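Residue strings, one per chain:
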Amino acid sequence: MARTVDDSNGTIRPEQIIAALRGTDLHFAPASLVCIENTHNMSGGRVMEPSEIQALAETVHQRGLKLHMDGARVFNAAAALGVPVTELIGPVDSVMFCLSKGLSAPVGSIIAGSKEFIERARKFRKLLGGGMRQVGVLAAAGIVALEEMVDRLAEDHQRAQRLAEGLSQVCGIKVADTNYRTNILLVDVEGTGLSAPEFSSRLKALGLWINPKSGTSLRIVVHRHIEDSDVDRVIEAFREIAAS
Ligand SMILES: Cc1ncc(COP(=O)(O)O)c(C=O)c1O
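Presented here is a report on the structure given in the accompanying data block. (Residues numbered from 1 in each chain as written. Predicted model: local features only at pLDDT ≥ 70, side-chain atom pairs only at ≥ 80, totals over all residues.)

**Describing helix 5 (residues 115–127)**
Thinking step 1. In this model, helix 5 (13 residues) spans 18 Å end to end at C-alpha, consistent with the 18 Å of a helix rising 1.5 Å per residue.
Thinking step 2. At the C-terminal side of helix 5, G129 shows a positive phi close to 75°. (Helix = DSSP H or I, 4+ residues; strand = E, 2+ residues; numbered from the N terminus. Expected span 1.5 Å × (residues − 1).)

Shown next as structure tokens:
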């Protein structure tokens, strides 16, 4: 049974975990694992800093639980902070990250943890039918992702920042604040008088495919194939729609 806590601002504090733990009552499923996400997708790519992770890990470990990081974009977090990724994953017991997304591989994710954990995970993968054969060709792309794509993530963040600044100047548009700009922008379009789905359709008519995240906001992700000229084009399209 998963038990959720409010992470809408992109992080979880130790007090929230303490409050969510329900003790050993016979009627409750025993708690064993706390999961965090870094960067945090739905809050607009917020970065969880090493000190926050460390504090949470202490709370979790003191209570005999384990800490897992959904680090689908953890290399983006490391790039934004300018620290090696090991600084972010040091306190956690296990982590997953995507070789696709910003790291640009066509497919693939990695799960990492202790030897015993990985042996168990492999068993579960087999149980669920997730094993693949002859995947060397995919793994090769994953190696390129790790060797050649990590250092260029900062470029995506710079473009995302330029996009955030440009869009913020468009009347009726608000870009969600975040502690560090990574590659995700949540853009509130309510002030234009259009709903996010309507705004999305207008963008599509101009050749830009940007999905709504809710009735009022759109989610934009910058990646290796988005160039400076694309950033200008997006800002121009937002201007055109907001002005119409
Ligand atoms: C935050 C986050 N976690 C996990 C995943 C899933 O990764 P996978 O498809 O490799 O399980 C995604 C997206 O696909 C994601 O955005």
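Back to the write-up after that little detour.
**Thoughts on the sheet that holds strand 5 (residues 174–175)**
Thinking step 1. Overall, antiparallel pairing links the 3 strands, which are arranged 5-6-7 in an open sheet. The sheet is open, and its two edges are formed by strand 5 and strand 7 (217–221), each paired on a single side.
Thinking step 2. Lying on the sheet, helix 7 (residues 153–168) is in contact with strand 5, strand 6 (184–188) and strand 7; it crosses strand 6 at an angle near 10°. (Pairing = 2+ DSSP bridges. Contact = placed C-beta atoms within 7 Å. Axes fitted to C-alpha atoms, helices over the stretch in contact; angles between N-to-C directions.)

**Examining the sheet that holds strand 3 (residues 94–98)**
Thinking step 1. Read from one edge to the other, the open sheet built from 4 strands follows the order 1-2-3-4, with strand pairing classed as mixed. For this open sheet the edge positions go to strand 1 (33–37) and strand 4 (109–113), each flanked by a neighbour on one side alone. This sheet shows a mean twist of 15° between the axes of neighbouring strands, independent of strand direction.
Thinking step 2. Note that strand 1 and strand 2 (residues 66–70) share 5 bridges and pair parallel. Residue pairing in the sheet places V34 in a bridge with L67 of strand 2.

**Considering the site of the ligand**
Thinking step 1. The full set of residues close to the ligand is E37, N41, D70, A72, C98 and S109.
Thinking step 2. Considered class by class, the residues forming the shell around the ligand number 2 nonpolar, 2 polar and 2 charged. (Near = placed C-beta within 6 Å. Nonpolar A, V, L, I, M, F, W, Y, C, P; charged D, E, K, R; others polar.)

**What about the packing of helix 3 (residues 74–81) against helix 7?**
Thinking step 1. Put simply, helix 3 and helix 7 touch, their axes get as near as 9 Å, and they point 75° apart. Classed by the angle they form, the pair helix 3 and helix 7 counts as roughly perpendicular. Contacts between helix 3 and helix 7 pair F75, N76, A79 and A80 from the former with L153, A154 and H157 from the latter.
Thinking step 2. Taken together, the residues of the contact of helix 3 with helix 7 break down into 5 nonpolar, 2 polar and no charged. (Parallel < 35°, antiparallel > 145°, perpendicular 65-115°, else oblique.)

**A few points about the packing of helix 7 against helix 9 (residues 228–243)**
Thinking step 1. Closest axis-to-axis distance for the helix 7/helix 9 pair is 10 Å, and the angle between their directions is 20°. The angle between the axes of helix 7 and helix 9 places the two elements in the roughly parallel class. Note that helix 7 runs across helix 9; the crossing there is right-handed. Touching R159, R162, L163, G166 and L167 of helix 7 are D228, V231, V234, I235 and F238, all from helix 9.
Thinking step 2. The residue inventory of the contact of helix 7 with helix 9, partitioned by class, reads 6 nonpolar, 1 polar and 3 charged. (Left-handed = near helix turned anticlockwise from the far one by under 90°.)

In short, the description is geometric, and any link to function would need to be established separately.
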